[in-house]
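If you want the building blocks of each chain, they are given just below.
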Amino acid sequence: MPHSPLDAHVQFDTHPAHASAVTATLTGPHHRTALALLATHGFETLDPHTMVLARLDHEEAYWADQAAQALNAEGITTEITPSLREAIAEEWTWANYPMPWCTRAEIREVSNEAQKIYDDIRHGRLLIHAHAEDGWTIVAVGTYRDSGKSVYLHGENHLRQVTDTFDSPTQAITAFEHTHGDALRSGPAPMTDTERQTAQARVALGSTGTTRAPSTPPIESVPAYDADPGDHDALLEDFLTENNDWEKYRTWDDNTTIANHESLTLRALIDHDAECRDMKWTIAAYESPVSERLWHATATATTPVEIVRTLLNSLASDYVWGAGPATGVSETEIAEATRPLTDAGWKQIVEGRWIRWEAPGEDAAGVQFDAFAAQKPNSPLPTWTVWGGNAVHQPTWALHFSPYTPAAVLQDLIFELAEGQGRRQVPAATTPRLAMLTPQAPAPAPPGQAPAAVSTQTR
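These lines cover the structure that appears in this document, whether it is placed above or below. Note that this is a predicted model, so its numbers are computed, not measured. (Residues numbered from 1 in each chain as written. Predicted model: local features only at pLDDT ≥ 70, side-chain atom pairs only at ≥ 80, totals over all residues. Heavy atoms only, no water.)

### Structural notes on the overall build of the chain
Scanning the chain for helices and strands turns up 13 helices and 24 strands. Summing over all exposed atoms, the chain offers an accessible surface of approximately 22,300 Å²; the carbon and sulfur share of this is 52%. (Helix = DSSP H or I, 4+ residues; strand = E, 2+ residues; numbered from the N terminus. Areas by Shrake-Rupley, 256 points an atom, 1.4 Å probe, with all protein chains shown as cover.)

### Brief notes about the pairing of strand 23 (residues 421–425)
Consecutive side chains along a regular strand alternate between the two faces of the sheet. Residues G422 and R424 point to one face of strand 23 and are all buried, whereas Q421, R423 and Q425, pointing to the other face, are not buried. Sheet analysis places strand 12 (residues 219–223) next to strand 23, joined by 5 bridges and oriented antiparallel. Residue pairing for strand 23: S221 is matched across the bridge by R423. (Buried < 20%, exposed > 50% of the residue type's maximum accessible area, 1.4 Å probe, protein only. Pairing = 2+ DSSP bridges.)

### Some thoughts on the pattern of salt bridges
Applying the stated criterion across every chain yields a total of 19 salt bridges. A salt bridge links E195 to R160, with the nearest nitrogen and oxygen atoms 3.3 Å apart. Here E195, found in helix 6 (residues 193–201), pairs with R160, found in the loop between strand 9 (150–154) and strand 10 (161–166); they are 35 residues apart in sequence, far enough to count as distant. Across this residue pair, the class does not change: E195 and R160 are buried. When salt bridges that share partners are traced, they join E44, D119, R122 and R202 into one network. (Salt bridge = Lys/Arg side-chain N within 4 Å of Asp/Glu carboxyl O.)

### Observations concerning the sheet that holds strand 10
The strand order across the open sheet formed by 5 strands is 10-9-8-7-11, and the pairing between neighbours is antiparallel. Each end of this open sheet is capped by a strand with a single partner; those strands are strand 10 and strand 11 (185–186). Pairing analysis gives 2 bridges linking strand 7 (residues 126–134) to strand 11, with the strands arranged antiparallel. By the bridge assignment, H131 is partnered in strand 11 with R185. Packing of helix 4 (residues 104–122) onto the sheet brings it into contact with strand 7, strand 8 (137–144), strand 9 and strand 10, and relative to strand 7 it is tilted by some 120 degrees. (Contact = heavy atoms within 4.5 Å. Axes fitted to C-alpha atoms, helices over the stretch in contact; angles between N-to-C directions.)

### Examining the nonpolar core
In this structure, W281, L399 and F401 are the most contacted members of the largest nonpolar core, which totals 44 residues. In this view, W281 contacts H232, L235, L236, A268, L269, I270, A297, T298, A299, V308 and L312; residues no more than four positions away in its chain are not counted. V10, F12, V22 and L71 belong to the second-largest nonpolar core, a separate cluster that totals 20 residues. (Core = buried A, V, L, I, M, F, W, Y, C linked by side-chain atoms within 4.5 Å.)

### Notes on the packing of aromatic side chains
One pass over the structure, following the stated rule, counts 7 aromatic pairs. The interplanar angle of 55 degrees and the centroid separation of 5.8 Å between the aromatic rings of Y152 and F176 together place this pair among those described as tilted. With Y152 in strand 9 and F176 in helix 5 (residues 169–180), this residue pair connects regions lying 24 residues apart in the sequence. In terms of burial, Y152 and F176 fall into one category: buried. Between F239 and W246, the ring centres sit 5.2 Å apart and the planes meet at 70 degrees, which makes this aromatic pair edge-to-face. (Phe/Tyr/Trp six-rings, centres within 6.5 Å; stacked < 30°, edge-to-face > 60°.)

### Examining the packing of helix 7 (residues 232–242) against helix 8 (residues 305–315)
Between helix 7 and helix 8, the least distance of the axes is 10 Å, while the angle of their chain directions is 30 degrees. Classified by the angle between their axes, helix 7 and helix 8 sit roughly parallel to one another. When the axes of helix 7 and helix 8 are compared, the crossing they make is right-handed. Contact residues: helix 7 offers H232, L235, D238 and F239, while helix 8 offers V305, V308, R309, L312 and N313. Of the residues belonging to the contact of helix 7 with helix 8, the class tally is 5 nonpolar, 2 polar and 2 charged. (Parallel < 35°, antiparallel > 145°, perpendicular 65-115°, else oblique. Left-handed = near helix turned anticlockwise from the far one by under 90°. Nonpolar A, V, L, I, M, F, W, Y, C, P; charged D, E, K, R; others polar.)

### Observations regarding the pairing of strand 20 (residues 365–370)
Along strand 20, 6 of the 6 residues are buried, which leaves the element largely enclosed by surrounding structure. Where burial is concerned, the two faces of strand 20 agree: the one with A365, V367 and F369 and the one with G366, Q368 and D370 are both buried. Judged from the 5 bridges that link them, strand 19 (residues 354–358) and strand 20 form a sheet pairing that is antiparallel. Across the sheet, residue R356 finds its bridge partner in strand 20, namely Q368. Counting the residues that bridge the hairpin from strand 19 to strand 20 gives 6 residues, and of these G361 lies at a positive phi of roughly 70 degrees. With 5 bridges joining them, strand 20 and strand 21 (residues 384–391) adopt antiparallel strand pairing.

Encoded structure:
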């Protein structure tokens, strides 16, 4: 039986400061009923007439549309602004999603379960006892306060999952310590960049009146790893202009461009729509045009352009990547490749299978070598990770290299990291620099498979 209309009106709109969040403005005598109903759909109250939906998976537009339909079924009038309507209709997919077998609906199910876990932690329903770094992600153990059930959590943000359960906190913590040993840290892991962004979207929107246009911030010279990302598309054009033995061609997907060396044994793919920590560049080298892949590398969209330029220029040097059998990296080559970091006073840290070199002082940047991954040519884990900002498992930008990456390529890149300079806009004192999105570290393409173009728009 249809519900009687309620004297309430809800307008859904895009958030003015957060790329994917959605706001809801409630009016009418019965707006409190609408407020209570929206709370069941993940919206949170900013003030008596405003709510916001901010999620880890950036699927706010989809879930706002579902909430609007639910309100309509209850007899509440809703309005969706044109900008939000456009976002609802937009088709997109995660670039290099680590579970490519999932359908779009299944991806939403995975991320929605991750959102519930995040909300339970944030609201104190799930108490986290300890966490640890597990390769490229974070694992944790915690207990639900209401049921007493303890759980093992794997992953971060929209990929966090419950992978095991325990009868008691003691049993859970003991098993966790046995598995992760010295890597165990008490309490929850630090907030990820995505968690910080969603938290920022849940604060008051402030005045909507006219504000003075900000002045152009000044530019400062900084170490290469702390520079602004710059224009990667322009970098590709510059590289092709300077290297006539490379040729550009567009794929069937307008979002991607591939640059091929004339030998057809080296290629660079750029995703024009990649943002934040999406994979912007994919580099692959082959022994012959029809052979399996020798090695590959990826770089995020937030990587400073001068660091990517160094990588491309290194690829343009025949002596660096000349054809030949794939070989591992010896201890001597590791020492030689990382010598610029040692000379620049970077701190070397050995933790189990990982060797890290971290920038001195308060700067956050580093290079990590994974000895385990180096022995597994087909491993999805990177052998080398070069990063800047925060920590290796949740950096502002990152490059990943597979086993058999030529030592000369690494040495060129590491020298730029240690000695290079870049440019960065000086952030306003009252506006902290926002960290970037944190998609899970992607699994590289199987050996022998050329870099694939992304068929739909990526976030």
